Amino acid sequence: MRFHLALTLQALWTGVCQAAMQHYPAAWGHYDVCKSQIYSDEGLTWDYMACQPEAADMTQYLKVTLDPPNITCGDPPETYCALENPYMCNNECDASTEELAHPPELMFDIEGRNPTTFWQSTSWKKYPKALLVNITLSWNKTIELTDDIVLTFESGRPEQMVLEKSLDYGRTWQPYQFYATDCLDAFTMEPKTVQDLTQHTLLDIICTEDYSRGYVWKYDKTVRFEIKDRFALFAGPRLHNMASLYGQLDTTKNLRDFFTITDLRVRLLRPATGATMVDENNLSRYFYAISDIKVQGRCKCNLHANSCVYDKEKLSCECEHNTTGPDCGRCKRNYQGRAWSAGSYLPIPKGTANICIPNNIGPVIRPNVSSLGVANRKEARVCDNELLRCQNGGVCVNNVRCTCPSTYTGLLCEKARCESELGGCGGPNSGQAPLTPPSTSTLLLLLLLLLGSALLRQASCRPAPL
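Predicted, not measured: the structure shown is a model, and the values here were computed from it. (Residues numbered from 1 in each chain as written. Predicted model: local features only at pLDDT ≥ 70, side-chain atom pairs only at ≥ 80, totals over all residues. Heavy atoms only, no water.)

### Some words on the state of the cysteines
And then number 1: Tallied over the entire structure, the rule returns eight disulfides.
And then number 2: Disulfide partner of Cys 299: Cys 308, at an S-S distance of 2.1 Å. A torsion of -75 degrees about the S-S bond marks the disulfide between Cys 299 and Cys 308 as left-handed.
And then number 3: Overall, Cys 299 belongs to the buried group, its relative accessible area being 4%.
And then number 4: Here Cys 319 engages in a disulfide with Cys 328; their sulfurs sit 2.1 Å apart. The chirality of the disulfide connecting Cys 319 with Cys 328 is left-handed, given an S-S dihedral of about -100 degrees.
And then number 5: Residue Cys 319 is classed as partly exposed on the basis of its relative accessible area, which comes to 24%.
And then number 6: With relative accessibility at 0%, the residue Cys 328 sits in the buried group. (Disulfide = S-S within 2.5 Å. Buried < 20%, exposed > 50% of the residue type's maximum accessible area, 1.4 Å probe, protein only.)

### A look at the nonpolar core
And then number 1: With 60 residues, the main nonpolar core has Trp 119, Ile 135, Leu 137, Trp 139, Leu 264 and Leu 268 as its most contacted residues.
And then number 2: The contacts of Ile 135, once residues within four sequence positions are left out, are Val 64, Thr 65, Leu 66, Met 107, Trp 119, Leu 264, Arg 265, Val 266, Leu 268 and Ile 290. (Core = buried A, V, L, I, M, F, W, Y, C linked by side-chain atoms within 4.5 Å. Contact = heavy atoms within 4.5 Å.)

### So, the pattern of salt bridges
As a working rule, side chains carrying opposite charge can pair if their charged atoms are close by.
And then number 1: This structure, assessed with the given rule, holds 15 salt bridges.
And then number 2: Asp 148 is paired through a salt bridge with Arg 224; the nearest N and O atoms lie 3.3 Å apart. With Asp 148 in the loop between strand E8 (133-145) and strand E9 (149-153) and Arg 224 in strand E13 (residues 222-225), the pair connects residues that are 76 residues apart, well separated along the chain.
And then number 3: In this structure Arg 224 comes out as partly exposed when scored by relative accessible area, which is 30%.
And then number 4: In this structure, a network of salt bridges that share partners links the residues Glu 164, Arg 265 and Arg 267. (Salt bridge = Lys/Arg side-chain N within 4 Å of Asp/Glu carboxyl O. Helix = DSSP H or I, 4+ residues; strand = E, 2+ residues; numbered from the N terminus.)

Written out as structure tokens, the structure reads:
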């Protein structure tokens with residue numbers, strides 16, 4: 001009795017501590033735990049949950065490509081003038097000198113340096129031919145965006161620009177948003193803002209003039225693609241109702257795909273001019289310069305992983321739930337007992353893991369070993385060391401069958417052998433004590449222990465390490 005009580009206490013304490021460490025808010029889940037151990041009638045078993053990696057700064061994992069490739073300034077060296085003052089021409093770009101070079105990687109270095117570091121294009125010396133630049137950010141991995149995309153321009157913000165996305169590693173592209181001082185003139189589109197969108201028009205592609213108009217570029221240098229404002233259409237202005245957002249993401253594939261990318265492309269079409277007319281006598285005033293790009297997101301793992309690793313310049317999910325692949329997009333070998341499915345955010349807060357299950361339905365064909373004098377044979381796969389566990393101390397042999405202790409029988413050792421004997425398990429020759437339900441006092445004791453553990457969990461359980 002004392003031994004069983006000790007096991008019960010340990011299981012209860014483990015469950016309470018794990019519940020405390022998961023830190024699930026009342027309204028929605030973080031989905032940061034893929035599985036936990038719980039105590040059931042069969043002992044400690046796995047409870048599976050939907051899970052996803054934490055959001056992170058994704059610019060540290062990307063590859064940047066410029067088109068045309070020679071568009072970066074400094075080869076040959078060049079002197080630039082300030083946009084607001086054409087007579088202030090003391091900025092030099094020289095690719096052969098580290099202090100004067102402006103390579104593309106400076107769009108992703110640590111901010112806050114003095115002087116500011118930035119990438120810079122060549123000047124508009126071929127005017128009136130358009131100064132066109134494509135900046136492509138590639139991850140070679142599917143990414144889910146979680147915050148606004150923010151570009152910080154060191155020069156004036158471009159008068160015309162397009163942000164594009166790809167879902168197939170750059171093979172095809174679709175626009176995310178258009179930016180212009182005059183949307184009708186540049187793209188024949190009525191100007192809009194994200195505040196004009198509704199739940200029904202969230203997927204509309206808009207042109208905005210908010211980040212291109214006027215002469216305030218010296219004080220406001222950012223261009224944004226507003227992710228959180230779109231989230232707020234479902235989650236509320238302060239994102240307080242994430243359960244509603246996750247429910248929509250779970251049930252509307254187009255909505256989830258809208259925030260999913262493999263690549264981003266910034267198409268710079270016309271630099272800031274600061275006036276209605278271009279000063280053809282001083283074209284060194286016109287160029288592009290970007291000091292920072294922010295892309296916040298997480299690896300897409302189809303809710304089957306809570307971590308994503310970067311190895312050999314490649315991101316990949318550390319898949320759980322018996323799944324595999326860079327996005328956990330298929331079942332592992334021998335775990336295809338049912339069709340693969342992505343995890344689900346619902347029901348809140350733990351979601352549904354939709355784990356892949358073993359191939360335990362139907363026979364398992366063994367190799368032909370007739371040359372050794374042994375006939376072909378078939379065995380049913382009835383156990384697995386993780387999902388279909390042998391009970392009561394049984395051992396799963398080759399993921400095929402359970403070897404049971406002498407006092408138990410059944411496919412999973414789930415039956416007491418004495419049940420088939422004369423007199424049942426209470427008989428004098430059964431070798432096992434009669435099976436009796438727990439007493440009321442025992443149940444009361446367990447309830448008190450559980451309540452006490454819950455009161456003490458914050459003081460005794462430490463948060464799981466990051």
